Amino acid sequence: MDYYSAHCRDPGTCVLLAEKLRAGETRVVLPGLFRSVRETQAVVRAVMLDHPELFWVNYYRYSVIDTLLGQYLMLGTFFSPAEQEELRCQAEAWRGRVLAQLPAAVDEERLLRLLADYLARQVEYRESGPAFSHTIVGVFQAGRHAAVCEGIAKGMKYLCDGAGLPCLVVAGTVRGQAHAWNIVRIPWGYRHLDVTCQLNAARNLGNITGKKLFYQDSELTDRVWDHGKLPHCN
């Protein structure tokens, strides 16, 4: 579900950048002349939130040069090409193992509950640097399974993408502190889902499949996010 790219002012450029990054290119000429800093940031942010599988890209450190041929965007990476390929194979194998355990012929809500429960019991909340804690690497890597809210939300989206379940990452705040969670779609509409907030319950109760997991906008009074650009959860 490439939600941010589709709703960006420059969706074609978002698609192009994602394709180039997927091909291993981190120096990309973006079409169009003299794009503003804010417009470039929006493109980079859209690709970051829509594509957790591109975990090796350091979206927080990049440089831009405007030329008469277009805008030259240079992004950093967390891992070498060989490390990227090894981790990509590990990620796909991990997701394949998880999805293979999902039951057939159940609705979206049940599938989301099972994936959220698995992730909440699998991951520990711990900061260990942006390459791991803020990407899906910290979630899936054997012997690590530790991430912060951003990495956990991206991990949930990565699983949902593989299962064909609509899911997006929300970047907002909770009581003034930066936080990330998901918006997912269940049979009666879009709802908020915050796996990070379920980590303690998963450990204490053994599972969270019977807990309240899906919330409407009106129930999250301590949170701030971009209501205008994201699906309404009513």
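Look above for the structure.
Rules of the game
Every chain begins its residue count from 1, and numbering advances along the sequence as written. Totals for whole chains, interfaces and linings use every residue, but because this is a predicted model, local features are given only for residues with pLDDT of at least 70 and side-chain atom pairs only at 80 or more, for both listing and counting. Based on all heavy atoms of the structure, the side-chain values leave hydrogens and waters out of the count. Criterion for a salt bridge: a side-chain nitrogen of Lys or Arg within 4 Å of a carboxyl oxygen of Asp or Glu. Helix and strand labels come from DSSP, where a helix needs a run of H or I of at least four residues and a strand needs a run of E of at least two; each type is numbered from the N terminus. In this analysis, rings of Phe, Tyr and Trp, with Trp reduced to its six-membered ring, are considered paired at centre separations within 6.5 Å, and the interplanar angle assigns stacked below 30 degrees, edge-to-face beyond 60, and tilted for intermediate values. Here the term buried applies to any residue with accessible area under 20% of the maximum for its type, exposed to any over 50%, and partly exposed to those in between, with areas from a 1.4 Å probe on protein chains only. In this analysis a 1.4 Å probe is tested at points of a 1 Å grid over the protein atoms alone, and where it fits but cannot get out there is a cavity; an open set with protein on both sides within 12 Å along at least five of seven lines is a pocket; lining residues have an atom within 4 Å of a point. Grid points are joined across faces, edges and corners, and a volume is the space filled by probe spheres set on the points. All residues other than Ala, Val, Leu, Ile, Met, Phe, Trp, Tyr, Cys, Pro, Asp, Glu, Lys and Arg, Gly among them, are scored as polar; the first ten of these are nonpolar and the last four charged.

### Details of the pattern of salt bridges
In total, this model carries 15 salt bridges according to the counting rule given. D161 is the partner of K157 in a salt bridge, and the nearest nitrogen-oxygen pair spans 3.1 Å. Of this pair, K157 and D161 both sit in helix 7 (residues 149-163), 4 residues apart, which is roughly one turn of the helix. Through salt bridges with shared partners, one network takes in E85, R88 and E92.

### Points about the packing of aromatic side chains
Under the definition given, this model contains 10 aromatic pairs. Pairing W94 with Y158 gives two aromatic rings, centres 6.3 Å apart and planes at 0 degrees, and the pair type is stacked. Taken together, the positions of W94 in helix 4 (residues 81-100) and Y158 in helix 7 put the pair 64 residues apart, joining distant regions of the chain. On the basis of relative accessibility, which here comes to 2%, the residue W94 falls in the buried class. Centre to centre, the rings of W181 and W225 are 6.0 Å apart; their planes meet at 90 degrees, and the pair counts as edge-to-face. In this pair, W181 sits in strand 7 (residues 177-186) while W225 sits in the segment after strand 9 (223-224), placing the two residues 44 residues apart along the sequence. Overall, W181 belongs to the buried group, its relative accessible area being 1%. Residue W225 is classed as buried on the basis of its relative accessible area of 8%. Site record: aromatic cluster; members linked through ring pairs are F55, W56, F78, F79, W94, Y118, F132, F140 and Y158.

### Observations regarding the layout of surface pockets
Over the atoms a probe the size of a water molecule is rolled, and this reveals where empty space is left. Put simply, the largest pocket is a space of about 560 Å³. Looking at the lining of the largest pocket, the elements with two or more residues in it are helix 1 (3-7) and helix 3 (37-50). The biggest single contributor to the lining of the largest pocket is helix 3, with 7 residues. Residues of the lining of the largest pocket, tallied by class, amount to 9 nonpolar, 3 polar and 8 charged. In this structure, the second largest pocket spans a volume of roughly 350 Å³. Forming the boundary of the second largest pocket are 21 residues, of which M48, L49, Y60, E150 and A171 lie nearest the centre. Listing elements by their share of the lining of the second largest pocket, those giving two or more residues are helix 3, strand 2 (57-67), helix 7, strand 6 (167-174) and strand 7.

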